[in-house]
Amino acid sequence: MYKIYRGMLLSLIFLTAMASPAPAALFRAAYLYTLSDFNGAIPYNWVNLAVDRRDEETYVADPAGRSVRVFNDSGMEVYRFGDNGDFGNITAVAVADSGEIFVLSRSNASYAVTRCDYRGEPKARLAMKGLPPEYATDFVPDTICWHGDRLYLVDRNTMKVALTDREGSFGSGYDLGTILGFSKKQISESGMVGFSVDNEGDLLFTVPVFFSAYLVTPGHQVRSFGMRGSTPGKFNIVSGIASDERGNIYVADTLRCVVMIFDRDFSFQAEFGFRGLEPGNLIAPMELVVNHDRVYVAQSRARGVSVYRVFQTQPSATSTKGG
Amino acid sequence: MKAAKSLTAAAVLTLLASGSAFAYHDGGVAYCDGCHTMHNSSGNKAMGTGSNATQLKGVTYLLQGSDQSSTCLNCHATTSAKAGSYHIMTTDAAAGGTVPSNYTPGGDFAWVKETFNYNSHGTPTTSLGERHGHNVVAADFGITPDSTLSTAPGGNYPAANLACSSCHDPHGKYRIVDASGTVQRPVVAGTGYNGANDVAVSLPINGSGSYGAAPTTTEAVGVYRLLGGPGYLPDSVAGVAGIQPFAALPPYAVAPATYNRSEASTDTRVAYGTGMSEWCANCHTNIHNSTANYDGGTSLIHPASSDSTLGANILANYNAYVSSGNFGGTVAGAYTSMVPFEEGTNNRANLALHSVNDGSQKGGADSNSNVMCLSCHRAHASGWDSMTRWTNKTEFLTVAGAYPGTDSTNTSAQSYGLGRTMNEVQATFYQRPATVYATYQRSLCNKCHAKD
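Residues numbered from 1 in each chain as written. Chains lettered and ligands numbered in written order. Predicted model: local features only at pLDDT ≥ 70, side-chain atom pairs only at ≥ 80, totals over all residues. Heavy atoms only, no water.

> Describe in detail helix α5 (residues 311-320) of chain B, supporting the description with residues and values.
Turning to α5 of chain B, its buried residues are L315, Y318, N319 and A320 of chain B. Close packing links the buried residues of α5 of chain B with α8 (446-449) of chain B. (Buried < 20%, exposed > 50% of the residue type's maximum accessible area, 1.4 Å probe, protein only. Helix = DSSP H or I, 4+ residues; strand = E, 2+ residues; numbered from the N terminus. Contact = heavy atoms within 4.5 Å.)

> How would you sum up unusual backbone geometry? Please name residues and give values.
Residue and element names in this part refer to chain B. With a phi close to 50 degrees, D26 is a non-glycine residue in the positive phi region. In this fold, D26 is placed in the loop between α1 (11-17) and α2 (68-76). On the basis of relative accessible area, D26 is assigned to the partly exposed category, the value being 37%. A positive phi angle, close to 50 degrees, is found at L418, a residue other than glycine. Here L418 lies in the loop between α6 (348-354) and α7 (422-428).

> Provide a residue-level description of the pairing of strand β21 (residues 249-253) of chain A, including the pertinent values.
Residues and elements named next belong to chain A. Burial analysis of β21 places five of its five residues in the buried class, the great majority of the element. Residues I249, V251 and D253 point to one face of β21 and Y250 and A252 to the other, with burial holding for every one of them. The sheet contact formed by strand β20 (residues 238-243) and β21 spans four bridges and is antiparallel. Its bridge partner being in β21, A242 is matched across the sheet by Y250. Connecting β20 to the antiparallel partner β21 that follows it, the hairpin turn spans five residues, and G247 within it adopts a positive phi of roughly 95 degrees. Examined bridge by bridge, β21 and strand β22 (residues 258-262) share five bridges and lie antiparallel to one another. The residue of β22 that forms the bridge with V251 is M260. In sequence, β21 turns back onto β22 through a hairpin of four residues, with C257 there showing a positive phi of about 60 degrees. (Pairing = 2+ DSSP bridges.)

> Any details on the environment of V297 of chain A? Residues and values, ideally.
All names here are of chain A. Within the fold, V297 resides in strand β25 (residues 294-298). For V297, a relative accessible area of 0% translates into the label buried. Counting along the chain gives ten residues from V297 to E287, while the straight-line C-alpha distance between them is 6.1 Å. Excluding anything up to four places from it in sequence, V297 contacts L49, V259, L282, P285, E287, L288, G304, V305, S306 and Y308.

> Tell me about the environment of S306 of chain B, and name the residues and values.
All names here are of chain B. Looking at where S306 falls in the secondary structure, it is placed in the loop between α4 (276-280) and α5. The spatial distance from the C-alpha of S306 to the C-alpha of H25 is 29 Å, given a sequence separation of 281 residues. Non-local contacts of S306, meaning those with residues more than four positions away in its chain, are made with T274, G275, E278, E342 and N370. Reaching out from S306, the side chain makes a polar contact with the backbone nitrogen of G275 at a distance of 3.0 Å. (Polar contact = N/O pair within 3.5 Å; in protein donor to acceptor, adjacent residues only side chain to side chain.)

Structure representation (structure tokens):
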């Protein structure tokens, strides 16, 4: 009897494997370390991340600790600021190509963006100028990022993005809910979680309740991908999203505890992390950023920010760029 | 996965395809792999077969989280930046810093992680986080078992096993099948508890029962907030000495569709109907009982039940009370969500008329109204000890027209915040301005008792 069940089980496994062939193993991820100071790994939960590609540094905005810490490319803290209360409730940080640092603070329904020098010394509080009416009310950015010469102010709840210069002068904006055709109710009940800007200036974001990731070009063309499920490459509760120089897209799944890799044509390539308590595992990953071949993942359970190196052994079959 | 979708003109198609995504639970059991892992083992270890049993390693109950509550909080927790909607815990809140920013009627579980220190009449005093709410054990989110109360006050439910699923039936099997509010749970005969509400054949659930939707002749709606009903017994406590399946029906209540919001301008009114206190007594059986209290004392005899109608004097007080020293209100504007009451009915259609967030339903109590546990306590957590809606440990809730706090410029007001900042105190009042109260407002017990 045991053999019968065993045979049935093996057959089932075989059929399952045949029914969903694994993608070519073009990617491999290796856990490197967790962002640390001299006392060891820092037990962050769900912090905001930014990278300074010029200086190979990683910035962590910690709302609970009301500070911004800077880490070198070995994952060691080299500097911190904001813990004197200068910024209030720090929500997010962005680093311009010039080395200037922008800090977003929030208090209830108000926000402030402070421009700092490379040492984190506050230089100016941005006075938002020229904001259209739709960005003047009910627009409270909860994250920021920098691309090109623009600061992206993102209100993930209303799904609006305002682009300003370093002084806070409005240049353009995206009403992503409208662009996607969402109703007001859909926007209020969904909203974005992950958000980033790729090398082409495209907006990447996730809407977990739709089990989807989206790419919106500066010309407002929209592409999306994602399919609900719990098997590799499927979306359960997706969160952070970012891309690398080759156009590969990394998507965190908070529920499945993985980071998925898709090529620029949205074909699933590989995933890594997986729920568990080993150093290389993930627990409820949320935000992520990519710097060259390194992927930084913020997670829960006071497990801090895990850093992985992703190796791409050859271009994916559908990739049209990079190599 | 070839799921790329060109969407410039086809956004509508995507939305149609995923239009049901908003209501994940839909009043009943959600899709299995939303909570359980079928294909992924813990740490992505190979799922072995045969004698290699140690490889067959999933997490408890094959959950996606480390435990029951962590699984729920994977979706229902968020950072302060994304607070709102279906979130019930602010992960980056910290005592003295970012305030818990979810304002659901049940409260923000972040409070159970915030400990406050203060001087009480010269004595160093601590308000432990674990005193602020139900300590639903969630390893992934840093919520640990209550270290003081090993079992539910007034009952035997073990603190170590307390989880979201202790109260909410994650599989949502209880349902309302008719306009009179009949609750049923379909069960397979001979598979366990079989109470009066268990039937072999019932109706399928087609939506949430939390917002007033009515069942039809062919489809049921879920019960309020997927709460457990008669016979409910989480697997994690099955067999624990002294633990019995729930005896009481889920309470009848209707919430407005948008309920996680600041109440700075208008109240979020959940229309509580009946049965809340009886349902809480599933676990807190002997609390607030005139004959047997969990601590053997006799202090906890405040009434709280569907039979505990307000009585003429309390009713008059509730409807007249505005603030300390001001008893000149009218019944038309008497309601406050800081001191809610049950309306004494299971008529969900009528309850739905009162469940608003726009301030259009401010009507006070009537002779059918009764006091309940939630008149004074929040169901999840609050900023105060014993998870009360306001503190009962200071004389004044406001001082000189402002909320007190450690950062108050009025030094005489600082101690009244009991270690909280002014922002934190205001957050416990769901962002109401202090001006809605008296300049020196006393306990909101006075909403019913009018002693101030």
